[in-house]
Amino acid sequence: FDSLHHAVGDGYPGETIEALWGLVWRGLVTNDSLHALRAYIARPESARTPRRAQTGMVFRSRRTTPPNAQGRWSALHAADSRSTTEASHALAMQLLSRYGVLLREMVAAENVPGGFSAVYDVLKALEESGRIRRGYFVAGLGATQFALPAAVDLLRQLRTAPSAEKPEFVSLAASDPANPYGSVLRWPDLPVAEEDVESAPRVLTRAAYAEVVLRNGQLVAWLRRGNPHVLVFLPAEEPERSQVAAGLAHFLCSRGQERMRAHPHEGVLITTVNGQPVAANCMARFLMDAGFHPGPLGMQLRRIPLPMGHSRDAHAGDVQ
């Protein structure tokens, strides 16, 4: 970004970012990763945030690249300047690099013109030349699976189940390609009783306003940004049910504290869980153990103030 900004005459960096993303939406420019896109769509939840802050174009130093401009940018050639085979090869390699293991359902989720048949011939030729692998890598999915050799090696390392004592929790946008639910995998059934369906969504979607929480790759929560209603997917048997619930509660607490440190005037509130008032749900005791406090509207997370010595040191550093 710094090189591009300097080449167009410097000036205000926010204007360069706005022009850069305008070229992205026109299909003329692309980035080599998804980090910039994730930062671009990560809007602050507060409505009081200034418009310039919502667009992510406010940063202190011109030498510091903002998150929504990071990565390497490159121009896209017009489609008619390449042959059909070259275009299909570039698309197939892009999808393989993005997913590692490529299935028919993933191509359909990307809305590729022509569907899976647009890249199948190229994938078959790449497999015959030994550049990629074809096999049944992921059980329970389609039989037509192609993968990069490095992805196959990673899958072999993941044969052993992850440790239950140190599970990995990840929060992603529901529309993120790293979230397999809603595209490759079906959404699980809504964990909502018929009498509690009014406050819960009718269907789960990969919308931009939704987030998912994955535990070792399995869906454990679905929520909407800025919405106090949460859907939780817990195992049916104990002790796994309590372990997942406790880990999810601590993850929601730590993530909420991070957001409140970034936005001091905001809070974290959970009103309902699976359509029930949070106090009536089994998650209530786990949320309280993690740091949430009961209130008139539900479970609320309080901001943990920084130690006095830390605040003075930080203030002295700013003054210097």
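All of these numbers come straight from a predicted model, not from anything done at the bench.

## Re helix α7 (residues 117-128)
With 12 residues, α7 should cover 16 Å at 1.5 Å per step; its first-to-last C-alpha distance of 17 Å lies within 8% of that length. Those residues of α7 that fall on the buried side of the exposure criterion are V119, V122, L123 and L126. The buried side chains of α7 occupy one side of the element, clustering within an arc of 105° when seen end-on. Projecting away from the buried face of α7 at angles above 90 degrees are the exposed residues S117, D121 and E128. Packed against the buried residues of α7 are α5 (84-99), β3 (101-103), α6 (104-109) and β5 (145-147). G130, located one to two residues past α7, shows a positive phi value of around 85°.

## A closer look at the sheet that holds strand β9 (residues 229-232)
Across a sheet, strands are paired by hydrogen bonds formed along the backbone, either parallel or antiparallel in direction. The strand order across the open sheet built from 6 strands is β6-β7-β8-β9-β11-β12, with neighbouring strands paired in mixed fashion. Of all the strands in the sheet, just β6 (169-173) and β12 (276-277) have a single pairing partner and so form its edges. The sheet contact formed by strand β7 (residues 210-215) and strand β8 (residues 218-224) spans 6 bridges and is antiparallel. The partner of V213 across the bridge, within β8, is A221. Helix α9 (residues 240-262) contacts β6, β7, β8 and β9 of the sheet and is inclined by roughly 60° relative to β6.

## Quick notes on the sheet that holds strand β10 (residues 268-270)
Taken together, 3 strands build an open sheet; the order of strands is β10-β14-β13 and the sheet is antiparallel. Single-partner strands in this sheet number two, and they are β10 and β13 (292-294). Ignoring strand direction, the axes of neighbouring strands in this sheet form an average angle of 30°. The pairing of β13 with strand β14 (residues 299-301) spans 3 bridges and is classified as antiparallel. Bridge pairing in β14 links H293 to Q300. Seen against the sheet, α9 touches β10, β13 and β14 and runs at an angle of roughly 50° to β14. Here helix α10 (residues 283-290) sits on the sheet and contacts β10, β13 and β14; the angle it forms with β13, its principal contact strand, is near 120°.

## Observations regarding the pattern of salt bridges
Under the criterion given, the structure shown has 7 salt bridges. A salt bridge links R156 to D153, with the shortest nitrogen-to-oxygen separation between them at 3.6 Å. Of this pair, R156 and D153 both sit in helix α8 (residues 149-157), separated by 3 residues, roughly a single helical turn. Classification of R156 by relative accessible area gives exposed; the value is 52%. Between E211 and R255 there is a salt bridge, and its shortest N-O distance comes to 2.7 Å. Of this pair, E211 sits in strand β7 while R255 sits in helix α9; the two residues are 44 residues apart in sequence, bridging distant segments of the chain. Both residues of the pair, E211 and R255, belong to the buried class.

## Thoughts on the nonpolar core
Formed by 27 residues in total, the largest nonpolar core has its most connected members in V213, L248, I270, M283, L287 and F292. Among the elements of the structure, β8, β9, α9, β10, α10 and β14 are those that each provide at least two residues to this core. With residues up to four places along the chain from it excluded, the contact list for V213 reads F169, V170, Q218, L219, V220, A221, L223, L248 and F251. In terms of nonpolar packing, the next biggest core, distinct from the first, is built from 20 residues, A92, L95, L96 and L123 among them.

## Some remarks on the packing of aromatic side chains
Counted by the stated rule, this structure contains 8 aromatic pairs. An aromatic cluster of at least three residues, connected via ring pairs, comprises W21, W25, Y40 and W73.

## Observations concerning the pairing of β8
A regular strand places its side chains on the two faces of the sheet in alternate fashion. Of all 7 residues in β8, 5 are buried, a share of seventy percent or more. Count of turn residues in the β7/β8 antiparallel hairpin: 2 residues, of which N216 carries a positive phi of about 50°. In this sheet, β9 lies alongside β8 in antiparallel orientation, the contact comprising 3 bridges. Within β9, the residue paired with L223 across the bridge is V230.

## Quick notes on the packing of α9 against α10
Relative orientation of the contacting elements α9 and α10 amounts to 45°, with a least axis distance of 8 Å. The pairing of α9 with α10 is recorded here as oblique in orientation. In the crossing of α9 with α10, the sense of the turn from one axis to the other is right-handed. Here S242, A245, A246, L248, A249, H250 and C253 of α9 come into contact with α10, specifically with M283, R285, F286, L287, D289 and A290. Split by residue class, the contact of α9 with α10 holds 9 nonpolar, 2 polar and 2 charged.

## Quick notes on the environment of V203
Structurally, V203 is set in the loop between β6 and β7. Using a relative accessible area of 55% as the deciding quantity, one classes V203 as exposed. Sequence-wise, V203 and W187 are 16 residues apart; in three dimensions their C-alpha atoms are separated by 9.0 Å.

Rules used throughout
Residues numbered from 1 in each chain as written. Predicted model: local features only at pLDDT ≥ 70, side-chain atom pairs only at ≥ 80, totals over all residues. Heavy atoms only, no water. Helix = DSSP H or I, 4+ residues; strand = E, 2+ residues; numbered from the N terminus. Expected span 1.5 Å × (residues − 1). Buried < 20%, exposed > 50% of the residue type's maximum accessible area, 1.4 Å probe, protein only. Arc of directions from axis to C-beta. Contact = heavy atoms within 4.5 Å. Pairing = 2+ DSSP bridges. Axes fitted to C-alpha atoms, helices over the stretch in contact; angles between N-to-C directions. Salt bridge = Lys/Arg side-chain N within 4 Å of Asp/Glu carboxyl O. Core = buried A, V, L, I, M, F, W, Y, C linked by side-chain atoms within 4.5 Å. Phe/Tyr/Trp six-rings, centres within 6.5 Å; stacked < 30°, edge-to-face > 60°. Parallel < 35°, antiparallel > 145°, perpendicular 65-115°, else oblique. Left-handed = near helix turned anticlockwise from the far one by under 90°. Nonpolar A, V, L, I, M, F, W, Y, C, P; charged D, E, K, R; others polar.

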